[in-house]
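What follows is the residue order along each chain.
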Amino acid sequence: MAQSRQARDDQPTRVPSEEREHLAKLADELTRYEVRTDVVDGEAPYLRVTNPESAQAVEDVVCERRELDHAFIASFGVYLGSSGSLGVTAHKVAWLVGATEA
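Rules used in this analysis
- Residues numbered from 1 in each chain as written.
- Predicted model: local features only at pLDDT ≥ 70, side-chain atom pairs only at ≥ 80, totals over all residues.
- Heavy atoms only, no water.
- Helix = DSSP H or I, 4+ residues; strand = E, 2+ residues; numbered from the N terminus.
- Buried < 20%, exposed > 50% of the residue type's maximum accessible area, 1.4 Å probe, protein only.
- Contact = heavy atoms within 4.5 Å.
- Patch = residues over 30% accessible without salt bridge, like charges linked within 9 Å, V, L, I, M, F, W, Y side chains within 5 Å.
- Areas by Shrake-Rupley, 256 points an atom, 1.4 Å probe, with all protein chains shown as cover.
- Salt bridge = Lys/Arg side-chain N within 4 Å of Asp/Glu carboxyl O.
- Expected span 1.5 Å × (residues − 1).
- Arc of directions from axis to C-beta.
- Axes fitted to C-alpha atoms, helices over the stretch in contact; angles between N-to-C directions.
- Parallel < 35°, antiparallel > 145°, perpendicular 65-115°, else oblique.
- Left-handed = near helix turned anticlockwise from the far one by under 90°.
- Nonpolar A, V, L, I, M, F, W, Y, C, P; charged D, E, K, R; others polar.

Chemist: What exactly am I supposed to notice about the side chain of Thr50 here?
Modeler: Tracing the backbone through its elements, the reader meets Thr50 in strand E2 (residues 46–50). With relative accessibility at 17%, the residue Thr50 sits in the buried group. If we ignore the near neighbours within four places in the chain, the residues touching Thr50 are Val35, Arg36, Ala57 and Val58.

This is the structure:
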């Protein structure tokens, strides 16, 4: 059965969240470490970071809105950095997946 045009127009349009935008910026910053990144959409988007040198080296990073900026949190709840310090945060994430030295 065909759907009416009005019914199609009522479908919600997915608008990228601020959190997703910050995760994408972190993914861009991680390119220098030669890791794989994928922003996974869902109820709460997250960034999956994988070290291609090790199948076990995977970390999911979430982004949370804070009063003045956004915070990046590791899958095990540790604060990694803020949206204002992408370089430092990327280094920590790369270290977590074994793509760089401390």
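That shown, we press on.
Chemist: What is the right way to look at a nonpolar patch on the surface in this model?
Modeler: A grouping of Phe76, Val78, Trp95 and Leu96 is seen on the molecular surface, where their side chains present a nonpolar patch of about 380 Å² in accessible area. You can see Trp95 is positioned in helix H3 (residues 86–96). What makes Trp95 partly exposed here is its relative accessible area of 46%.

Chemist: So what exactly am I meant to see when it comes to the pattern of salt bridges here?
Modeler: Between side chains of opposite charge, a pair can form as their charged atoms come close. Going through the model one piece at a time under the given rule, you end up with six salt bridges. The partner of Glu18 in a salt bridge is Arg65, with the nearest N and O atoms 3.2 Å apart. One end of the pair, Glu18, is in helix H2 (residues 18–30); the other, Arg65, is in strand E3 (residues 58–65), with 47 residues separating them in the sequence. A relative accessible area of 39% means that Glu18 is categorised as partly exposed.

Chemist: When you look at H2 in this model, what are you seeing that I'm missing?
Modeler: With 13 residues, H2 extends 19 Å from end C-alpha to end C-alpha; this agrees with the ideal 18 Å at 1.5 Å per step. For H2, the complete set of buried residues consists of Glu19, His22, Leu23, Leu26, Ala27 and Leu30. Mapping the buried residues of H2 onto a view down its axis gives an arc of 150°, with all of them on the same face. In the core, the buried residues of H2 are packed alongside strand E1 (36–40), E2, E3, strand E4 (70–74) and H3.

Chemist: I'm lost on the packing of H2 against H3 in this one. Help?
Modeler: Relative placement of two packed helices is described by the angle separating their axes and the distance separating the axes. Their axes nearest at 9 Å, the elements H2 and H3 cross at an angle of 70°. In this view, H2 runs roughly perpendicular relative to H3, as classed from their interaxial angle. Note on packing geometry: the crossing formed by H2 with H3 is right-handed. Packed against H2, whose contacting residues are Lys25, Leu26, Glu29 and Leu30, the element H3 presents Leu86, Gly87, Thr89, Ala90, Val93 and Ala94 at the interface. The residue inventory of the contact of H2 with H3, partitioned by class, reads six nonpolar, two polar and two charged.

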